[in-house]
Amino acid sequence: MRKKIVAGNWKMNMDYSTGIALAEGIRDYFKNKVPVCEVIICSPFIHLASLQNILKGSIIKYGAQNCHQEESGAYTGEISAGMIKSTGAEYVIIGHSERRTYFGEDDSLLNRKTKTALARGLKVIFCCGEVLAEREKEIHFEVVKRQLTDGLFNLTEEQMKNIVIAYEPVWAIGTGLTASPAQAQEMHRFIRENLEAGYGRKIAEETTILYGGSCKASNAAELFSMPDVDGGLIGGASLKKDEFCAIAEAVH
Ligand code: 13P
C-alpha cells in the first residue's frame, strides 16, 4: 500500500510567530487523532529549526520548499539540503512551478537539486505540471513526461523510493480553478504508467502522487477518491488551520 500524504506548502507566507502558532494549532488538532495520511508542513526556512521542538512526539512531519544544488560553499543567501536535514526536517519540495517560472529553474537544475537532497537524506516532493496554454494545445501529457524524464527519471530505483511526485497544473495554482477529479486521475494514471515503464510495477504502485492546485476542504474528498490521487499539496488552504486539517481528514 502506498503512503497517502497531505502536505501544506506555505510558500512565502507567515512570519515567525504566526507560523509557529499555525504549526502548534495543526499539531494540537491531530493530538488524539490518527489520520489515514501523513501530514506534512513545508514552511519557510525560518521556522524549520523551531518545528523540531514543536512537533516532537507529534505525527506531523515537516520540510522545506527549496534547497541549493551544491552541498555547501560561497552561495550567499542560499540554504543547503544538509542544513535543512540538520533541523530534523524530512522533506523538501523541488521543482515547484513558482521556482521554475520566477527563478528560471529548469529540469536539469532540478535534477541536480533532487540528487543533492536525496544524498543528504531528505525525501523529495517533486512537482510537475503544465501551464494553461500547453493544456489548450493538448500537449500537457508531453510536457509532464518531459519534466519527469529530464528531472527525475535518471534516478536509481533506491532513490526513487524517496520521491513523492506532485502534479500541479499551473492554471489551477492559486486561481480557484481546480482540475476536475477526472482530469487529475487521467494525469496521475499517466504518471504512474511512465513510472512503471522506467522502474517497474512495484515502484510505480508504491510511489505517492499528490494533486495540487486550488485544493480545499470542499473539493478534497472528491479529488482524493480517485484511485491514483494519493493526497494533495496544498497552498492557500494550508494557511488556515481548520481548512488544512479538514483536507487531511478527507483522505480515506
Ligand atoms: P494553491 O493551493 O494555493 O492553489 O497552491 C497549490 C500549490 O502551489 C501547492 O504547492
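The rules we used
Every residue gets a number counted from 1 within its own chain, in the order that chain's sequence is written. Residues qualify for local features only when their pLDDT is at least 70, as the model is predicted, and side-chain atom pairs are given and counted only at 80 or more; totals for whole chains, interfaces and linings, by contrast, use all residues. To get the side-chain values, all heavy atoms of the structure are used, and hydrogens and water are removed first. What counts as a helix is a DSSP run of H or I of at least four residues, what counts as a strand is a run of E of at least two, and both are numbered from the N terminus. Contacts were defined at the residue level, with two residues in contact if any of their heavy atoms lie within 4.5 Å. An axis is simply a line fitted to the C-alpha atoms; with a helix, the fit covers only the stretch in contact. Between two such axes, the angle follows the N-to-C directions and lies from 0 to 180 degrees. Here roughly perpendicular refers to angles of 65 to 115 degrees, roughly parallel to angles under 35, roughly antiparallel to angles over 145, and oblique to all remaining angles. Each crossing gets its hand from how the near helix is turned against the far one by less than a right angle, where anticlockwise is left-handed and clockwise is right-handed. Gly counts as polar in this scheme, as do all residues outside two lists: the nonpolar Ala, Val, Leu, Ile, Met, Phe, Trp, Tyr, Cys and Pro, and the charged Asp, Glu, Lys and Arg. Burial status follows relative accessibility: with a 1.4 Å probe on protein chains alone, a residue under 20% of its type maximum counts as buried, one over 50% as exposed, and anything between as partly exposed. Two strands form a pair only when DSSP identifies at least two bridges running between them.

**Q** Give a description of the side chain of Thr87 that names residues and reports values.
**A** You can see Thr87 is positioned in the loop between α3 (81–86) and β4 (91–94). If we skip the residues at most four places from it in the chain, Thr87 touches Leu48, Ala49, Gln52 and Tyr62.

**Q** Give a description of the packing of helix α7 (residues 140–151) against helix α9 (residues 181–199) that names residues and reports values.
**A** For the pair α7 and α9, the least separation of the axes is 11 Å and the interaxial angle reads 40°. In terms of orientation, α7 and α9 fall into the oblique class. Considering how the two elements wind past one another, α7 and α9 form a crossing that is right-handed. Residues His140, Phe141, Val144, Lys145 and Leu148 of α7 touch α9, and the partners they reach there are Glu186, Met187, Phe190, Ile191 and Asn194. Considering only residue class, the contact of α7 with α9 consists of six nonpolar, two polar and two charged.

**Q** Just give me the short version of helix α2 (residues 45–54), but keep the residues and values in it.
**A** Counting along an α-helix, one turn takes 3.6 residues, and residues three or four places apart therefore face a common direction. Listed as buried for α2 are His47, Leu48, Ser50, Leu51 and Ile54. In the core, the buried residues of α2 are packed alongside α1 (16–29), β2 (38–42), β3 (61–64) and α3.

**Q** Could you give an account of the pairing of strand β6 (residues 163–167), naming the residues involved and the relevant values?
**A** A regular strand places its side chains on the two faces of the sheet in alternate fashion. In terms of burial, β6 is a largely internal element, five of the five residues being buried. Across the two faces of β6 the burial is the same, with Ile163, Ile165 and Tyr167 and Val164 and Ala166 all buried. In this structure, strand β5 (residues 123–128) lies alongside β6, joined through five bridges in parallel fashion. From the neighbouring strand, Phe126 faces β6, where its bridge partner is Ile165. In the sheet, β6 pairs with strand β7 (residues 209–212) via three bridges, with the strands oriented parallel. Paired with Ile165 across the two strands is Ile209, which belongs to β7.

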